[in-house]
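Now for the letters of each chain:
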Amino acid sequence: MVEFGMPMGPFRLVDLVGFGVAAATDTQCLWSYPERCYNSSLIPSMLQDKRTAEASGKGFYIYDDKRKASIDPELAKYVEKSRRLSGFAPDSMIAGLTDKDIVEMLFFPVVNEACRILDEGISVKCPDLDIASIMGMSFPSYRGGILFWADTMGTNYVYSRLMTWCKLYGGFFKPCDYLVERVIRVLSLVRSNLLKFYYCGFTVLMHEIISCIFMLQISIAALNKLHKSDPYDQ
């Protein structure tokens, strides 16, 4: 994921925010969207053994006193316990996944959820979701945002991959109605060719503008603080 452009991988991110937050988020998602969430016992199992993520020095990784992450061989027993409780047998296909497969398995469900947001009218413009993905989840800005990136591979490709995983692993990967409709009507996720042409540049520009405004606000606040604390300015 780091090579793809993310600042860190998902397990490192969960360690950073803490298992307490992760468990609470899982509970909320399961309550709100039970039909498309997987109820994993992995994090609860680790919490039972006082593994609370980076704060305790043990999570998906182990951490030294400088907060440097290292692979923990003990993690395998928690994975095996979670798999046993869920009733799933080891999947030989998982070992053969390429880096591209892993990126798509992680992000195509995000694309699917973004399509639901558009379908439900929560957001009316694709650029809004792409900017949100860049600013909110640190999706690499040079890829144009989550929807623009998916659109470069084609709606049909995203749909076919999700359907393959849905048949193998369940409803978490089931394509939403909005995505199915765009495949049937041979439409892209980006609503027009003209918009698609300028899309990536627009989202990157907006990211840079918002970042500059944010840094300017920090600088102004710092200068104000220095000005108030200057003994020669009394």
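Residues numbered from 1 in each chain as written. Predicted model: local features only at pLDDT ≥ 70, side-chain atom pairs only at ≥ 80, totals over all residues. Heavy atoms only, no water.

Peer 1: Before we go on, may I ask you to explain helix H7 (residues 126-137) in this structure?
Peer 2: End to end, H7 covers 16 Å across twelve residues, agreeing with the expected 16 Å (1.5 Å per residue, within 8%). All of the buried residues in H7 are Cys126, Pro127, Leu129, Asp130, Ile131, Ser133 and Ile134. Looking one or two places after H7, you find Ser138, whose phi comes out positive at around 60 degrees. (Helix = DSSP H or I, 4+ residues; strand = E, 2+ residues; numbered from the N terminus. Expected span 1.5 Å × (residues − 1). Buried < 20%, exposed > 50% of the residue type's maximum accessible area, 1.4 Å probe, protein only.)

Peer 1: Looking at this structure, I do not really get the pattern of salt bridges. What am I missing?
Peer 2: Side chains carrying opposite charge are able to pair once their charged atoms draw close together. Taken as a whole and judged by the stated rule, the model has eleven salt bridges. As a salt-bridge pair, Glu80 and Arg83 come within 3.3 Å of each other at their nearest N and O atoms. Separated by three residues within a single helix, Glu80 and Arg83 lie in helix H4 (residues 75-86), roughly one turn from each other. What makes Glu80 partly exposed here is its relative accessible area of 36%. Put simply, Arg185 and Glu181 hold a salt bridge, and the shortest N to O gap is 3.0 Å. (Salt bridge = Lys/Arg side-chain N within 4 Å of Asp/Glu carboxyl O.)

Peer 1: Explain the packing of aromatic side chains to me, please; I cannot follow it from the model alone.
Peer 2: To describe a pair of aromatic rings, you give the distance between the ring centres and the angle between the ring planes. Evaluated as defined, the whole model comprises 14 aromatic pairs. On the basis of an interplanar angle of 50 degrees and a centroid distance of 5.6 Å, the ring pair of Phe108 and Trp149 is categorised as tilted. Placement of Phe108 in helix H6 (residues 99-119) and of Trp149 in helix H8 (residues 146-151) is noted, with a sequence separation of 41 residues between them. The buried category is assigned to Phe108, whose relative accessible area is 0%. On the accessibility criterion, Trp149 (8% relative accessible area) is buried. Between the NZ or CZ atom of Arg143 and the centre of the ring of Phe4, over which it lies, the distance is 4.0 Å. (Phe/Tyr/Trp six-rings, centres within 6.5 Å; stacked < 30°, edge-to-face > 60°. Lys NZ or Arg CZ within 6 Å of the ring centre and 35° of its normal.)

Peer 1: In this structure, what is going on with unusual backbone geometry? I would like to understand it.
Peer 2: Of all residues except glycine, most have a negative phi; of all peptide bonds, most are trans. Of note in this structure, Arg67 is not a glycine but carries a positive phi near 65 degrees. By the element assignment, Arg67 lies in the loop between strand E1 (61-63) and strand E2 (69-71). Unlike most non-glycine residues, Val186 shows phi in positive territory, near 55 degrees. On the secondary structure map, Val186 appears in the loop between helix H10 (177-184) and helix H11 (193-229).

Peer 1: Quick question: what am I supposed to make of the state of the cysteines here?
Peer 2: Here a disulfide denotes a covalent bond joining the sulfur atom of one cysteine to the sulfur atom of another. Per the stated rule, a full pass over the model turns up zero disulfides. Not engaged in a disulfide, the cysteine Cys29 finds its nearest cysteine sulfur in Cys37; these two sulfurs lie 5.0 Å apart. Take Cys29: its relative accessible area is 30%, and that puts it in the partly exposed class. Free cysteine Cys115: the closest other cysteine sulfur is in Cys176, separated by 4.8 Å. (Disulfide = S-S within 2.5 Å.)

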